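For reference, the chains in residue letters:
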Amino acid sequence: MGFSFHVQGRPEVDSDLCTGCGQCVAICPDQIYTLENRKARPGQGVFLGCIACGHCVAVCPVGAIAVTGRGMTADDRRPLPDPASRATAESLENLLLARRSIRKYQDREVEREKLDRILAAAAAAPMGIPPSDVHVLVFSNRQQVRAFTAASMEAFRRMNRMLGSWIFKLLSLRTSKAEKEIMRDFIAPLMRALVEYYDAGEDIYTYNAPAALLFHHGPHGDKSEIAIAATYAMLAAESLGLGSCMIGSSEAFNHDSMLKQHYGIPKEHKVGMALLIGYPAVKFHHALHRRLGSVRFAE
Ligand SMILES: Cc1cc2nc3c(=O)[nH]c(=O)nc-3n(C[C@H](O)[C@H](O)[C@H](O)COP(=O)(O)O)c2cc1C
C-alpha cells in the first residue's frame, strides 16, 4: 500500500459509548486524544498525526473508537483471543525448536485454506510505520512455482552474461571492496550454480516446492519488514504441519527489470525473499541447539 506521511488516519469516537476512561489518551504514541467533558476527542497530535496504528481501537474497553484510512477500515476491530487459547511459552518454544528449513517436499499441493491462514499470519507482523508496504505474490501450485523458477533462471542467465560484460566492470569501479567481493565470491558463483544445476535437471532454487510466497516491499517499506512478515508466515506454516524455506537468492530479482515486469512487480519495489511452502518429505529425529553470534548484557 505505502502511504505518504502526509496522509493521516481518521480516528472517530462514538461519544454515546465513550466512558471517558482516558485509556486512548494514555496509549496514543502521538498524543492525539484529549478528554473534554469526560469524552475522548481526537485532535492533530504532536508529531506525525494519526498513523493508524490502531492502538486506541484495541485499548478502548467499550469499542467506542474506529480509525479509517492508511489501510485501516472501521471493522478491523476483532475479538481478542481468549488467553487460555493462546500459545504458551512452552508450545511456542517447541514450535521454534522443531522447525527446520525444508528443501524436500511431498508430491502434494498445499490447500488454499492453509495458504490463506499463512498469509493472515504474515499480515499480523509488526511494521515500521503502518500501513504495511510489504506485498506478496503467491504461487499457489507447483506449476506456478516451476514457471517462476524457469523465469528466474532466464534472469540469472541474463545477469551472468552481464557480469562478464565490460559495462558491468566499468560500473563496478564505483562499488566498495566488500560489495565487489560479495558479487565475485558469492552472488556470481551462486547464480552460475543455480543455472548449471537447473540445466542438469536439479532445482536447487525452489526445490520443486508446491507453493511459494514472493515478498517485495514498496518505497515506504524495508527489507527487515519483509523478514518479519516472512518469519510469521514460516511459523504459521510450521504450526499447520507444513515445511518452509526462505530463499534469499530471489533478491536477484532486483537486478533484472524484465523479471519484475513479467510478474507485475512495480519498478520501485524491492524483492526481499521467497518463502517456499509444502508438506515435508523429510522427517527429522532431533532438534538442534542454535547460538546467536554473540550475546552481551550491557553494564
Ligand atoms: C534470509 C535467509 C535467506 C535464505 N536463503 C536461502 C536460499 O537462498 N537457499 C536455501 O536453500 N536456503 C536459504 N535459507 C535457509 C537457510 O540456509 C537455513 O535457515 C539454515 O540452513 C539453517 O537451517 P534451519 O532453518 O533448519 O535452522 C535462507 C535463510 C534465511 C534466514
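Each value, and the rule that gives it
Residues numbered from 1 in each chain as written. Predicted model: local features only at pLDDT ≥ 70, side-chain atom pairs only at ≥ 80, totals over all residues. Heavy atoms only, no water. Helix = DSSP H or I, 4+ residues; strand = E, 2+ residues; numbered from the N terminus. Buried < 20%, exposed > 50% of the residue type's maximum accessible area, 1.4 Å probe, protein only. Phe/Tyr/Trp six-rings, centres within 6.5 Å; stacked < 30°, edge-to-face > 60°. Near = heavy atom within 4 Å. Polar contact = N/O pair within 3.5 Å; in protein donor to acceptor, adjacent residues only side chain to side chain. Areas by Shrake-Rupley, 256 points an atom, 1.4 Å probe, with all protein chains shown as cover. Expected span 1.5 Å × (residues − 1). Domains from an automatic or database assignment. Pairing = 2+ DSSP bridges. Axes fitted to C-alpha atoms, helices over the stretch in contact; angles between N-to-C directions. Contact = heavy atoms within 4.5 Å. Core = buried A, V, L, I, M, F, W, Y, C linked by side-chain atoms within 4.5 Å. Salt bridge = Lys/Arg side-chain N within 4 Å of Asp/Glu carboxyl O. Parallel < 35°, antiparallel > 145°, perpendicular 65-115°, else oblique. Left-handed = near helix turned anticlockwise from the far one by under 90°.

A. Unusual backbone geometry, seen in detail. The residue after Pro130, namely Pro131, is reached through a cis peptide bond having omega 0°. Relative to the helices and strands, Pro131 resides in the loop between helix H4 (112-123) and strand S5 (134-139). Positioned with a positive phi, Asn37 is a non-glycine residue whose angle comes to about 50°. Here Asn37 is to be found in the loop between strand S2 (33-36) and strand S3 (39-42). For Asn208, which is not a glycine, the phi torsion comes out positive at approximately 55°. A relative accessible area of 34% means that Asn208 is categorised as partly exposed.

B. Geometry of the packing of aromatic side chains. Summed over the entire model, instances satisfying the criterion amount to 7 aromatic pairs. Each ring, one from Phe148 and one from Tyr263, has its centre 6.0 Å from the other, and the planes form 70°; the classification is edge-to-face. Linking Phe148 in helix H5 (residues 142-163) with Tyr263 in the loop between helix H9 (257-262) and strand S8 (270-278), this pair joins segments that are 115 residues apart in sequence. Since its relative accessible area comes to 17%, Tyr263 is described here as buried.

C. Here's a closer look at the site of the ligand. Residues in contact with the ligand, as listed here, are Arg99, Arg100, Ser101, Arg103, Tyr207, Cys245, Met246, Ile247, Gly248, Ser249 and Arg290. Here an oxygen atom of the ligand and a side-chain polar atom of Arg99 are 3.1 Å apart. Protein chains shield 59% of the accessible area of the ligand, which is 610 Å² for the free molecule.

D. Fine view of H5. When the terminal C-alpha atoms of H5 are compared, their 31 Å separation across 22 residues agrees well with the 32 Å that a helix rising 1.5 Å per residue should span. The complete set of buried residues in H5 reads Arg142, Val145, Phe148, Thr149, Ala151, Ser152, Met153, Ala155, Phe156, Met159 and Leu163. Put simply, Asn141 is the residue that caps the front of H5, since its side-chain oxygen is 3.2 Å from the backbone nitrogen of Gln143.

E. Representation of the domain arrangement of the protein. Partitioning the protein into domains gives domain 1 (10-68) and domain 2 (98-150 + 205-278). A straight line from the C-alpha centre of domain 1 to that of domain 2 covers 35 Å.

F. View of the sheet that holds S5. If you trace the 4 strands from one edge of the open sheet to the other, you get S5-S6-S8-S7, paired in antiparallel fashion. In the strand order of this sheet, the two ends are held by S5 and strand S7 (243-247), each with one partner. Strand-to-strand twist in this sheet, taken as the mean axis angle between neighbours without regard to direction, amounts to 20°. Across the sheet, H4 lies against S5, strand S6 (211-217) and S8, angled at about 25° from S6, the strand it touches most. Here helix H8 (residues 223-239) sits on the sheet and contacts S5, S6, S7 and S8; the angle it forms with S8, its principal contact strand, is near 5°.

G. Summary view of the nonpolar core. If you look at the biggest cluster of nonpolar residues, it comprises 29 residues, and the most contacted ones within it are Phe156, Leu214, Phe253 and Tyr263. Broken down by secondary-structure element, the contributors of at least two residues to this core are H5, helix H7 (177-199), S6, S7 and S8. At 8 residues, H5 tops the list of elements feeding residues into this core. With sequence-adjacent residues up to four places away left out, Leu214 is seen in contact with His135, Val136, Leu137, Phe139, Phe148, Ser250, Phe253, Ile265, Val271, Met273 and Ala274. Grouped together as the second largest cluster of nonpolar side chains are 23 residues, Ala121, Ala125, Ala211 and Ile277 included.

H. A look at the pattern of salt bridges. Counting across every chain of the model gives 11 salt bridges. Here Arg112 makes a salt bridge to Asp116, at a shortest N to O gap of 3.0 Å. Placement of both Arg112 and Asp116 in helix H4 is noted, with a separation of 4 residues, approximately one turn of the helix. With its nearest N and O atoms 2.8 Å apart, the salt bridge here joins Arg158 to Asp256. Placement of the pair is Arg158 in helix H5 and Asp256 in the loop between S7 and H9, with a sequence separation of 98 residues.

I. Structural detail: the pairing of S7. A large share of S7 lies buried, amounting to 4 of its 5 residues. As paired strands, S7 and S8 are joined by 5 bridges and run antiparallel to one another. Bridge pairing in S8 links Gly243 to Gly278.

J. Examining the packing of H4 against H8 more closely. Here H4 crosses H8 at 140°, and the two axes come no closer than 7 Å. If you check the angle between H4 and H8, you find them oblique. For the crossing formed where H4 meets H8, the hand is right-handed. Note on element contacts: H8 touches H4 through Ala229, Tyr232, Ala233, Ala236 and Ala237, opposite Ile118, Ala121 and Ala122.

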